Amino acid sequence: EVAELAKWDILIIDMDVQTYSPQYLIKLKQLNPNIILLAYLAPEEVRGDSGSLTGTLRQKFYNRIQPNWWLKNDTGGQVAWWGPNPMINITPDAPTVAGKRWADVLPEFVQNELMLTGYWDGVFYDNCWDDVGFLASLKPDTNGDGTAEHYVDLTNKWRAGMMQILDNTRKLIGPDKIIMGNGGEYYNKYVNGTLYESFPVRGWAQTLDKYKFITQNGVNPPI
């Protein structure tokens, strides 16, 4: 598949390809020196079996999550939006451990475990949503007071945490690396571009307006 994939300008590739097939990442660059390779990971969840995936980046990712950083509901149960993937409390409500929250630890992981390898031109953060009202049905309790957050408060806290993740990532990986996600134009000050799933999800005109906005107001170069 490498020869076909090398024809593209941008590839978003799971970060653990670095673990299993690093030689193919090198080959892609040899075939297309101008290709942009973005490491894919989700900043707010992880596969439930990641702790047992010996030698993988997912295991390293999992091991950096402190026990009190998991996102819980109003009865103390684990919150998961996508199947068996437990979610992480990315909000400022999460307690600090050794002076850090997930918004500090995740960017360090991206820089040290991914960018410094030389394989990648940037990172793609999946699920960096700018509106999490849809999570309200799961009754997330970000501050641990036994009461589910109102969806407006939940979104505001989520945005604050995600902006911290993106800002810290940019500070660590520098201005020349690419940061993309699917969080929308709300995070335009931190990202080079965004992905709109189910295009055109809100109609052709509305989506093109968003495309125009992120192209003109995102970080250069626009992707």
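Above this note sits the structure.
So, here's what we can say about the structure.

## A word on the overall build of the protein
- Within the protein, the secondary structure is distributed over 7 helices and 5 strands.
- Projected onto the principal axes, the alpha-carbon positions of the protein cover approximately 55 × 45 × 30 Å.
- Residues counted as buried form 45% of the 223 residues belonging to the protein.
- By sequence separation, contacts in the protein at least 24 residues apart represent 68% of the contacts at least 6 residues apart.
- Of the roughly 11200 Å² that the protein leaves accessible, carbon and sulfur atoms contribute 52%.

## Overview of the packing of aromatic side chains
- The full count for this structure, using the stated rule, is 9 aromatic pairs.
- Centroid distance W129 to F134: 5.0 Å. Interplanar angle 90°. Geometry classified as edge-to-face.
- For W129, a relative accessible area of 13% puts it in the buried group.
- Taken together, the ring pairs connect F61, W69, W102 and F109 into an aromatic cluster.
- Over the aromatic face of Y186 sits the side chain of R159, whose NZ or CZ is 4.0 Å from the ring centroid.

## Some remarks on the layout of surface pockets
- Roughly 430 Å³ of internal volume is contained in the largest pocket.
- Along its surface, the largest pocket is lined by 16 residues, and W129, D130, N182, E197 and R202 are the ones closest to its centre.
- For the lining of the largest pocket, the residue count by class is 5 nonpolar, 5 polar and 6 charged.
- Taken together, 15 residues make up the lining of the second largest pocket; nearest its centre are Y40, A42, E45, N85 and N127.
- If you list the elements that add at least two residues to the lining of the second largest pocket, you get β2 (36–41) and α4 (57–63).
- A breakdown of the residues in the lining of the second largest pocket according to their chemical character gives 9 nonpolar, 2 polar and 4 charged.

## Quick look at the pairing of strand β4 (residues 178–181)
- The alternating pattern of β4 places I178 and M180 and I179 and G181 on opposite faces, both of which are buried.
- Between the parallel elements strand β3 (residues 122–125) and β4, the chain passes through helix α6 (residues 151–173) in a crossover that is right-handed.

## Things to note about the sheet that holds strand β1 (residues 10–14)
- Pairing within the open sheet is parallel, and its 5 strands lie in the order β1-β2-β3-β4-β5. Sheet topology places β1 and β5 (193–194) at the edges, where each strand pairs with a single neighbour.
- Bridge analysis of β4 against β5 gives 2 bridges, and the strand direction is parallel. Looking at the pairing, M180 lines up with G193 of β5.

Cut-offs and rules
- Residues numbered from 1 in each chain as written.
- Predicted model: local features only at pLDDT ≥ 70, side-chain atom pairs only at ≥ 80, totals over all residues.
- Heavy atoms only, no water.
- Helix = DSSP H or I, 4+ residues; strand = E, 2+ residues; numbered from the N terminus.
- Buried < 20%, exposed > 50% of the residue type's maximum accessible area, 1.4 Å probe, protein only.
- Contact = heavy atoms within 4.5 Å.
- Areas by Shrake-Rupley, 256 points an atom, 1.4 Å probe, with all protein chains shown as cover.
- Phe/Tyr/Trp six-rings, centres within 6.5 Å; stacked < 30°, edge-to-face > 60°.
- Lys NZ or Arg CZ within 6 Å of the ring centre and 35° of its normal.
- 1 Å grid on protein atoms, 1.4 Å probe; cavity = no way out; pocket = protein on both sides within 12 Å on 5 of 7 lines; lining within 4 Å.
- Points joined across faces, edges and corners; volume = space filled by probe spheres on them.
- Nonpolar A, V, L, I, M, F, W, Y, C, P; charged D, E, K, R; others polar.
- Right-handed = clockwise from strand over helix to strand, strands pointing away.
- Pairing = 2+ DSSP bridges.

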